[in-house]
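# Chains, contacts and geometry: an overview
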Amino acid sequence: MVYLALYKAPGNIVDKIIRLFTGKPYSHCEVAIKIGASVYQCYSSSLRDGGVRVKTMRLPADKWDLIPVHTDSDIVDFFQRTGGKKYDFIGAIGCVLPFKQKPSRYYCSEWCYEAIFGVAPKKALSPNKLAELIKGGFTSHKV
């Protein structure tokens, strides 16, 4: 099963700043594929990890919310094509300020959107906006 994993724990100063500017509970997201009891293969672009990466993680409910995602996209194939690309800090800021994204880089919700829907978002979106789209039942490219 594929999930959109949304980070809601207090986290570090960057997490707090993201929440301050978006006014919402989530500061990061991952595409998570369950591989065991409470263990997931997580794909995203992470500032902490320098860009697009995959890692095995536990996602405790006190730190993460999981939303089931119905997708026809091949997450692993998309990762193989984009793995190692740098984190797009300026693009992430573009979620709240009018900064242009760099097409050769990704921030978390941008990478997750493209992995799930198979196309890049037309405009910047935060983890919170992506969560709203997924919870709303969007199954095709809407942003």
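Now for a look at the structure at hand. (Residues numbered from 1 in each chain as written. Predicted model: local features only at pLDDT ≥ 70, side-chain atom pairs only at ≥ 80, totals over all residues. Heavy atoms only, no water.)

Looking now at the overall build of the chain. For the chain, the count of helices and strands is five helices and five strands. By residue count, 43% of the 143 residues in the chain fall in the buried class. A sequence separation of at least 24 residues applies to 53% of the contacts in the chain between residues at least 6 apart. If you sum the accessible surface of the chain, you get close to 7,500 Å²; carbon and sulfur atoms cover 56% of it. (Helix = DSSP H or I, 4+ residues; strand = E, 2+ residues; numbered from the N terminus. Buried < 20%, exposed > 50% of the residue type's maximum accessible area, 1.4 Å probe, protein only. Contact = heavy atoms within 4.5 Å. Areas by Shrake-Rupley, 256 points an atom, 1.4 Å probe, with all protein chains shown as cover.)

Side chains of nonpolar character tend, in soluble globular proteins, to be buried together. Ranked by internal contacts, the top residues of the largest apolar core, which has 28 residues, are Leu4, Val31, Trp111, Leu130 and Ile134. Take this core: its biggest share by element is seven residues, from helix α4 (residues 108–117). Ignoring any residue separated from it by four or fewer positions in sequence, one finds Trp111 in contact with Val31, Tyr43, Ser44, Ser45, Val52, Ile75, Phe78, Phe79, Thr82 and Tyr106. (Core = buried A, V, L, I, M, F, W, Y, C linked by side-chain atoms within 4.5 Å.)

Its place among the elements puts Thr82 in helix α2 (residues 75–82). Of the residues examined, Thr82 reaches a relative accessible area of 4% and is grouped as buried. Reaching out from Thr82, the side chain makes a polar contact with the backbone oxygen of Phe78 at a distance of 2.8 Å. Not counting the four nearest positions on each side in its chain, Thr82 is found in contact with Val52, Tyr106 and Trp111. (Polar contact = N/O pair within 3.5 Å; in protein donor to acceptor, adjacent residues only side chain to side chain.)

The next thing to look at is the sheet that holds strand β5 (residues 64–68). An order of β4-β3-β2-β1-β5 is seen for the five strands of this open sheet, with the pairing classed as antiparallel. In this open sheet, the two strands that pair with only one neighbour each are β4 (51–58) and β5. Averaged over all pairs of adjacent strands, the angle between their axes in this sheet comes to 30 degrees, without regard to strand direction. Of the strands in this sheet, β1 (2–7), β2 (28–36) and β5 touch helix α5 (residues 127–135), which is tilted by about 145 degrees from β1. (Pairing = 2+ DSSP bridges. Axes fitted to C-alpha atoms, helices over the stretch in contact; angles between N-to-C directions.)

Residue Ser38 is not a glycine yet carries a positive backbone phi of 60 degrees. Along the chain, Ser38 falls in the loop between β2 and β3 (39–46). Looking at Ser38, the relative accessible area reads 43%, which means it is partly exposed.

Among all positions in α5, only Pro127, Asn128, Leu130, Ala131, Leu133 and Ile134 are buried. The inward-facing, buried residues of α5 contact β1, α1 (13–22), β2, β5 and α4. Remark: Gly137 follows α5 within two positions and exhibits a positive phi of approximately 85 degrees.

Moving on: the pattern of salt bridges. What the rule picks out here adds up to seven salt bridges. Linking Arg81 and Asp77 is a salt bridge whose minimum nitrogen-to-oxygen distance equals 3.2 Å. One end of the pair is Arg81 and the other is Asp77, both in helix α2 and four residues apart, which spans about a single turn. Residue classification places Asp77 among the partly exposed residues on the basis of a relative accessible area of 31%. Look at the salt bridges and you will find they share partners, linking Glu30, Asp49, Arg53 and Lys55 into a network. (Salt bridge = Lys/Arg side-chain N within 4 Å of Asp/Glu carboxyl O.)

Position of Tyr113 relative to the elements: it lies in helix α4. On the basis of relative accessible area, Tyr113 is assigned to the buried category, the value being 0%. Separated by 21 residues in the primary sequence, Tyr113 and Ile134 place their C-alpha atoms 9.5 Å from one another.

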